[in-house]
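# Geometric and topological summary
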Amino acid sequence: MKTYFRVLSYARPLGLLAPQYLIYVILQSVFSVVSLGILAPLLNTLFKTEKVESAAASPPAPIDLPEFEFRLDYITDVFDYYFLQYAQQDKYEALQFVCLVLIVSIILANIFRYLVEVISAIVKANVISKLRNTLFDRLMNLHIGYYTEERKGNIMSKVMSDVQEVEGTVVNSLKAVIKEPIMIIVYFTALFFISVKLTLITLIILPLSGFIISYISIKLKKKAKQSQETLGKISDILEETLGGMRIIKAFNAVDFSKNRFGKQVKNYATFNISMRKRFALAGPISEILGVGVIVGIVLVGGSMILDGDSSLDAGSFITFIALFSQVLNPAKSLAAAFSNVQRGLASADRIFTILDTEPGIKNSKDAIPLTEFNESIELENVSFGYGNELVLKNINLKVNKGEMIALVGPSGGGKSTLADLIPRFYDVKSGQILIDGKPIQNFKIETIRSKMGIVSQESILFNDTIFNNIAFGKPESTLEEVQQAAKVANAHDFIMQIKGGYDAIIGDRGAKLSGGQRQRISIARAILKNPDILILDEATSALDSESEKLVQDALSNLMKNRTSIVIAHRLSTIQEADRIYVMQDGEIIEKGSHQSLIKKGGVYNKLIEIQSVS
Ligand SMILES: Nc1ncnc2c1ncn2[C@@H]1O[C@H](COP(=O)(O)OP(=O)(O)OP(=O)(O)O)[C@@H](O)[C@H]1O
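Residues numbered from 1 in each chain as written. Predicted model: local features only at pLDDT ≥ 70, side-chain atom pairs only at ≥ 80, totals over all residues.

## Let's talk about the overall build of the protein chain
Within the protein chain, the secondary structure is distributed over 20 helices and 10 strands. Looking at the 614 residues of the protein chain, the share that counts as buried comes to 33%. A fraction of 80% describes how many contacts in the protein chain between residues 6 or more apart in sequence connect residues 24 or more apart. (Helix = DSSP H or I, 4+ residues; strand = E, 2+ residues; numbered from the N terminus. Buried ≥ 20, exposed ≤ 12 C-beta atoms within 10 Å, placed from the backbone. Contact = placed C-beta atoms within 7 Å.)

See the structure below:
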């Protein structure tokens, strides 16, 4: 129930539509009832069983036009008045009169039905857009760690197919909460009006079918959840496979991938069939139960007529059955709406797990903007671990403004992790990071990041134009500015040779460019941003020597007059660094200039020896 109201809360700004919806639903049901209700006098006239004969239960139609009263009787009296006027003159005219009322009431009922549908469509579209946007906003605000823990495919399936499922919930819940109950109430009022006894009998039998249907729908929710989860796994595998197609083919892992995918598809099919089976049960069961109730009515009502019970004439009996068969539609639709809502709620629960995830890293309440970087960045006794195990232990490190420091050491030593702490992708477990002598938490995260440029090992490019990829951090840049940055990054010449130049689309993750070209585009992006502090995770992938030189020159241009923290894999590139920190197993084991570390003859010296041999 909580989930349900929460979904509906996304419709809140459309609250004004609610009264309209309510009015249209009432009018739709009233006109539907009227179109059937006029059957009784018509049948009685046609088959000459005058209503007047059953005078004990229903009074004869009044001769004068009745005065307005806010009562159901008033409407029937007005109708009876006109009907009698015609019937007394000519029965054909009475027939035409009834047909006219029938047509008008059916047209009106359908106009209101249309308006009801339009309102549900508006509410549905708005709720879904709002939910999807809120979900995306939340995903944008979550900390980086969330994405290493959660499966990407699962997140994607929540944003796409779960939201789609909730779409059904919105409409169905409007039906289940407002439309169908009103229809049922209006129909039952008419039924009571015709025969209290018969209506009471139906009221005893109907709840039984309701109970059976609700049992089925509760089971449905569980199945729906399992089915959506497997769908998440499918998109997970799909996303991974599409991203790694080259490797899959190179390693002849096509069959392995097919099996992995096929297994989940089979799981989904199994869950889905089982869910659909239950879903499909709701319709036939309610139909059978409904027919059962009608048979009961025919039996009881028929006996009443055969016994000469004066409270029911033939016309009213047939009208009763006709009306009751109509009441079954909203009742069935109510049951179906409930099972649909259950399916949607399973999806809504999954969506809300994302919305309820608090970002692990947030601005503190009194955080101030970091307007200028003037002195230094310092790590004091910093320890950090992704889980319980520490990946960084007691790190002390300082970069003064304008300096370049390098982090080197064996793979897995913790270099990238350390670099991730500075833009606050993660928070330290103990110790602290200081910017200009003040704890990093004092500053607003966005302002810290706006001072930093990050060039990662892997060039992260988007399937867009070269211009947009370079201007990514500064969308308001002019073409001249972008070109200038590209020139400094040694990228301008190759961009001009590509068909379309800066407007060329570079393919998924920059697939249409070479490795070196991709790197130079991401360097151009960092140059355009013109950050004070540069965090550079040097690419490990080997480039040919010409491309390597172009990239190195671009990087040197980028580092000029900036404070840089460079994670170096090729030690030849960092000999000019002010300080080199050698990291191993999460600790800084050596520190100093290139020359002093060589002299020391420790781990750094060994690394240099290994690299000069290879
Ligand atoms: N998201 C993560 N969750 C859990 N453990 C992680 C995560 N990222 C890295 N690690 C672990 O942290 C340790 C340090 O990794 P890190 O990537 O910082 O090393 P590195 O020195 O940069 O290595 P490389 O030179 O290979 O890039 C490794 O043992 C790694 O397995």
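## Some points on the site of the ligand
The environment of the ligand is formed by Thr148, Tyr386, Val391, Ser411, Gly412, Gly413, Gly414, Lys415, Ser416 and Thr417. Tallying contributions element by element places helix H12 (residues 415-421) first for the shell around the ligand, with three residues. Broken down by class, the residue content of the shell around the ligand amounts to two nonpolar, seven polar and one charged. (Near = placed C-beta within 6 Å. Nonpolar A, V, L, I, M, F, W, Y, C, P; charged D, E, K, R; others polar.)

## A few points about the UniProt feature "transmembrane region" (unreviewed entry) in the protein chain
Taken from the UniProt record, the annotation "transmembrane region" (unreviewed entry) applies to residues 21-43, 94-116, 176-194, 200-218 and 285-306. Across residues 21-43, the secondary structure splits into 96% helix and 0% strand, with the terminal C-alpha atoms separated by 34 Å. (UniProt positions renumbered as here; feature names shortened; annotations may be inferred.)

## Focus on the sheet that holds strand E9 (residues 579-584)
Reading across from one edge, E6-E7-E8-E3-E9-E10 is the order of the six strands in this open sheet, with mixed pairing throughout. This sheet does not close on itself; its edge strands, each paired only once, are strand E6 (452-455) and strand E10 (587-592). Ignoring strand direction, the axes of neighbouring strands in this sheet form an average angle of 15°. Looking at chain direction, E9 and E10 are connected through five bridges and run antiparallel. The partner of Ile580 across the bridge, within E10, is Gly592. (Pairing = 2+ DSSP bridges. Axes fitted to C-alpha atoms, helices over the stretch in contact; angles between N-to-C directions.)

## Details of the sheet that holds strand E5 (residues 438-439)
The strand order E2-E1-E4-E5 describes an open sheet built from four strands, whose pairing is antiparallel. Of all strands in the sheet, those bounded by a partner on one side alone are strand E2 (392-400) and E5. Note: strand E4 (residues 430-435) against E5, two bridges, orientation antiparallel. Across the sheet, Leu434 pairs through a bridge with Pro439, a residue of E5.

## Comments concerning the nonpolar core
Counting residues in each nonpolar core, the largest one holds 61 residues, and the members touching the most others are Ile470, Ile523, Ala524 and Ile580. Tyr187, Phe279, Phe317 and Ala331 belong to the second-largest nonpolar core, a separate cluster that totals 57 residues. (Core = buried A, V, L, I, M, F, W, Y, C linked by C-beta atoms within 7 Å.)

## Overview of the packing of helix H2 (residues 17-37) against helix H5 (residues 91-141)
Running from amino to carboxyl end, H2 crosses H5 at an angle of 150°, the nearest separation of the two axes being 8 Å. Here H5 runs roughly antiparallel to H2, going by the angle between their axes. Seen along the crossing, H2 lies across H5 with a hand that is left-handed. In this structure, H2 contributes Leu17, Gln20, Tyr21, Tyr24, Val25, Leu27, Gln28, Phe31, Ser32, Val34 and Ser35 to the contact, and H5 contributes Leu102, Ser105, Ile106, Leu108, Ala109, Phe112, Arg113, Leu115, Val116, Ile119, Ile122 and Val123. In terms of residue class, the contact of H2 with H5 is built from 17 nonpolar, five polar and one charged. (Parallel < 35°, antiparallel > 145°, perpendicular 65-115°, else oblique. Left-handed = near helix turned anticlockwise from the far one by under 90°.)

## Considerations on unusual backbone geometry
Within the chain, Asn394 stands out as a residue other than glycine whose phi angle is a positive 50°. With respect to the helices and strands, the residue Asn394 is situated in strand E2. Its 15 C-beta neighbours within 10 Å are what place Asn394 among the partly exposed residues. Here the phi dihedral of Asp436 falls at roughly 50°; this positive angle occurs in a residue that is not glycine. When the 15 C-beta atoms within 10 Å are taken as the criterion, Asp436 is described as partly exposed.

## A few points about the environment of Val603
Topologically, Val603 is positioned in helix H20 (residues 603-613). Given 17 C-beta atoms within a 10 Å radius, Val603 is considered partly exposed. Along the primary structure Val603 and Pro410 are separated by 193 residues, whereas in three dimensions their C-alpha atoms are 9.6 Å apart.

## A look at the pairing of strand E8 (residues 563-567)
The element E8 is extensively covered by neighbouring structure, given that five of its five residues are classed as buried. Where burial is concerned, the two faces of E8 agree: the one with Thr563, Ile565 and Ile567 and the one with Ser564 and Val566 are both buried. One ladder, built from four bridges, connects strand E3 (residues 404-408) with E8; its direction is parallel. Within E8, the position partnered with Ala406 by the bridge is Val566. Bridge analysis of strand E7 (residues 533-537) against E8 gives five bridges, and the strand direction is parallel. Note on E8: the bridge partner recorded for Leu534 is Ser564.

## Remarks on the packing of H2 against helix H7 (residues 152-194)
Remark: H2 packs on H7, axes separated minimally by 9 Å, with the N-to-C direction vectors making an angle of 35°. In this structure, the crossing between H2 and H7 has a hand that is right-handed. Facing Tyr21, Leu22, Val25, Ile26, Ser29, Val30, Val33 and Gly37 of H2, the residues of H7 in contact are Ile178, Lys179, Ile182, Met183, Val186, Tyr187 and Ala190.

## Digging into the environment of Ile294
Mapped onto the elements of the fold, Ile294 is located in helix H10 (residues 254-306). Separated by 28 residues in the primary sequence, Ile294 and Ala322 place their C-alpha atoms 9.9 Å from one another. Look past the residues within four positions of Ile294 in its chain and what remains in contact with it is Ile321, Phe324 and Ser325.

## Describing the confidence of the model for the protein chain
The predicted coordinates should not be examined in detail at positions where pLDDT is low. Taken as a whole, the protein chain shows an average pLDDT of 82; of its residues, 90% reach a score of 70 or greater. Within the model, the stretch residues 49-60 combines pLDDT values under 50 with 16 contacts to residues more than four positions away or in other chains. Taken over the whole predicted complex, pTM reads 0.69, whereas the ipTM for its chain interfaces reads 0.95. (pLDDT = per-residue confidence, 0-100.)

## Concerning H5
The terminal C-alpha atoms of H5, which comprises 51 residues, lie 74 Å apart, in line with the 75 Å expected from a rise of 1.5 Å per residue. Every buried residue belonging to H5 is among Ala94, Val98, Phe112, Val116, Ser120, Val123, Val127 and Leu131, and all of these are buried. (Expected span 1.5 Å × (residues − 1).)

## Some words on the environment of Arg350
Here Arg350 lies in helix H11 (residues 314-355). Sequence separation between Arg350 and Asp162 is 188 residues; the distance between their C-alpha atoms is 7.5 Å. Residues within four places of Arg350 in sequence aside, it is in contact with Lys158, Asp162 and Gln228.

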